[in-house]
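# Topology and contacts: notes
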Amino acid sequence: MNAPMHIPLQRRIALPTGDLTVTIEHGADEVDALLGFAARNNARRGFLFLSKVLGKHWPCTPSSMLAVHERLAAGVPASEGPVVFIAMAETAIGLGQGVFEAWLRVHPHQEALFLHTTRYRVGDGELIEFEEAHSHAPRQFLHAPVEPSLRSLLLAARTLVLVDDEASTGNTFVNLANACRRLNPGIERVHLATIVNFMGSAATEGLDERFGLPVTSGALVEGEFSFTPGALPPEAGAAQRYDHEAERGASPAFGRLGLTRALNAPKVLATRLKHEFARTDRVLVLGTGEFMHPALLLAASLQSLGMAVSVQSTTRSPILTWGAVSHALDFEDNYGEGIANYLYNVAPGQYDHVLLCHETAPNAALQTLAKTLNARLFHFQSEDHVEEVPVR
């Protein structure tokens, strides 16, 4: 008996910024649970594949995020020697850190290093720069670890795992891999871990040639897309003002300079907060910019105690209120670049409690956002030192 013919799912989405067509080859049965579509206020790319399990532009439960981390970690091929995981700023920092920690739980005795890219300088160590061309903030940096054992691990790695929420062209992955190979020419293979892969089967099969290395990929949804730009609205202001000398308050403690273990969850804080909330209260744990994963760990701790919790993060990405974005707030960024930051699909008063988590020192931008959301501020000075900041 012949196997039933596989028929791809095709969708056409008329965005305010143009026409998007997506063809789903694999994962069509869960695409609506994982993905929405939005319009970006960006002349480089007028559309956005908006993940519903990323905790960035869409509020989601900690358990759904952790499940995605485990699925993507399970797709990383077995390999010998040290493995380096790199998460892409800013959107996929939490995703990459979660995939790394899920992989560690299954491979506790294999050497591995986690780093995430950033748009901020931490300290005065070596910076590796590369470009995310379609981004509204195209300059990205990877800090080479300054701690000798972590730097040695990076230089000894043979496998590079690059994590992002989506792959559409693969160009950013190629740029980052090339930058890493200039530092470590001994890298032998690359794995791409993404929630969605819209590069198309031909481009995916041609990754070995583009990278000059054996490349594997793992995604929950696979297919391809085409986009015909339409009339774009006036572009939003600059989303990046990098200053080499500026102190932005970005912490070295959470992944920019390298980690070899999972971060500790703030369980003591979660237990204290649980006793302050009613069991039926709706709680949002909100990360800020690149500071995402500790917010998830707090949210997951609260959920494990029986609370109804969602987790999300603010962003620098300008998105139109349309499609998968029903509400938008804009405010000053707490890193002090003087650029607009945004929060999507969250309206003031929507939650009984909002816990705003940040790595930067308390400042006026955080105070203003906390007042807008009637939120409480929690300053993570390290993973084990979290201080509640009065909102005035």
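Residues numbered from 1 in each chain as written. Predicted model: local features only at pLDDT ≥ 70, side-chain atom pairs only at ≥ 80, totals over all residues. Heavy atoms only, no water.

## Examining the sheet that holds strand 11 (residues 215-229)
Stated formally: A strand pair is defined by DSSP finding two or more bridges across the two strands. Secondary structure follows DSSP: runs of H or I at least 4 residues long count as helices, runs of E at least 2 residues long count as strands, and numbering of each begins at the N terminus. Fitting a line to C-alpha atoms yields each axis, with helices limited to the stretch in contact; the angle taken between N-to-C directions then spans 0 to 180 degrees. Contacts are residue-level and defined by heavy atoms, with any inter-residue pair within 4.5 Å sufficient.
Spatially, seven strands are ordered 1-2-11-10-9-5-6 in an open sheet, and the strand pairing comes out mixed. What marks the edges here is a single partner per strand, and that holds for strand 1 (9-15) and strand 6 (112-116). Direction aside, neighbouring strands of the sheet carry axes that sit 25 degrees apart on average. Of the strand pairs in this sheet, strand 9 (residues 159-167) and strand 10 (residues 189-197) are connected by eight bridges, and their pairing is parallel. Residue pairing in the sheet places Val161 in a bridge with His191 of strand 10. Where helix 2 (residues 62-74) meets the sheet, its contacts fall on strand 10 and strand 11, and the angle it forms with strand 11 comes to roughly 110 degrees. Strand contacts of helix 5 (residues 171-183): strand 5 (83-87), strand 9 and strand 10, with the helix running at about 160 degrees to strand 9, the strand carrying the most contacts.

## What about the pattern of salt bridges?
The following threshold applies: Only one rule defines a salt bridge in this text: a Lys or Arg side-chain nitrogen within 4 Å of an Asp or Glu carboxyl oxygen. Burial status follows relative accessibility: with a 1.4 Å probe on protein chains alone, a residue under 20% of its type maximum counts as buried, one over 50% as exposed, and anything between as partly exposed.
By the definition in use, this model includes 17 salt bridges. In this structure, Glu166 engages Arg45 in a salt bridge whose closest nitrogen and oxygen atoms are separated by 3.6 Å. Separated by 121 residues along the polypeptide, Glu166 in strand 9 and Arg45 in the loop between strand 3 (35-39) and strand 4 (47-51) bring together distant segments of the chain. For the residue pair Glu166 and Arg45, the accessibility class agrees, reading buried in each case. Notably, a salt bridge pairs Glu90 with Arg316, separated by 3.8 Å at the nearest N-O pair. Linking Glu90 in the loop between strand 5 and helix 3 (93-106) with Arg316 in the loop between strand 13 (308-313) and strand 14 (328-332), this pair joins segments that are 226 residues apart in sequence. Bridged by salt links that share partners, the residues Lys56, Glu90, Arg316 and Glu337 form one connected network.

## Observations concerning helix 8 (residues 267-276)
Counted only if it meets this: Directions are taken from the helix axis to each C-beta atom, and the arc is the one they span.
Among the residues making up helix 8, those that are buried are Leu269, Ala270 and Leu273. Seen from one end, helix 8 has its buried residues packed into an arc of 100 degrees, which puts them on one side. Seen from the buried face of helix 8, the exposed residues on the opposite side, beyond 90 degrees, are Lys267, Val268 and His275. Looking at the buried side of helix 8, the elements it contacts are helix 9 (293-304), strand 16 (353-358), strand 17 (376-382) and strand 18 (385-389).

## Quick word on helix 4 (residues 148-156)
Those residues of helix 4 that fall on the buried side of the exposure criterion are Leu150, Leu153 and Leu154. Taken down its axis, helix 4 places every buried residue within 100 degrees of arc, on the same side. Check the buried side of helix 4 and you find it contacts strand 5, strand 6 and helix 5.

## Observations regarding the nonpolar core
Operational definition: Residue types Ala, Val, Leu, Ile, Met, Phe, Trp, Tyr and Cys, when buried and joined through side-chain atoms within 4.5 Å, form a set referred to as a nonpolar core.
Counting 99 residues, the largest nonpolar core has Phe85, Val285 and Leu302 as its most contacted members. Looking at this core element by element, the count peaks at seven residues for helix 5. Beyond its immediate stretch of four places on either side in the chain, Val285 contacts Ala295, Leu298, Ala299, Leu302, Val309, Ser310, Val311, Gln312, Leu355 and Cys357. Counting residues in each nonpolar core, the second largest holds 16 residues, with Leu286, Val346, Leu369 and Leu377 among its members.

## Digging into the sheet that holds strand 13
One open sheet accounts for five strands, arranged 13-12-16-17-18; its pairing is mixed. Each edge of the open sheet is held by one strand with a lone partner, namely strand 13 and strand 18. The average undirected angle you get between the axes of adjacent strands in this sheet is 25 degrees. Strand contacts of helix 10 (residues 364-373): strand 12 (282-287), strand 16, strand 17 and strand 18, with the helix running at about 165 degrees to strand 16, the strand carrying the most contacts.

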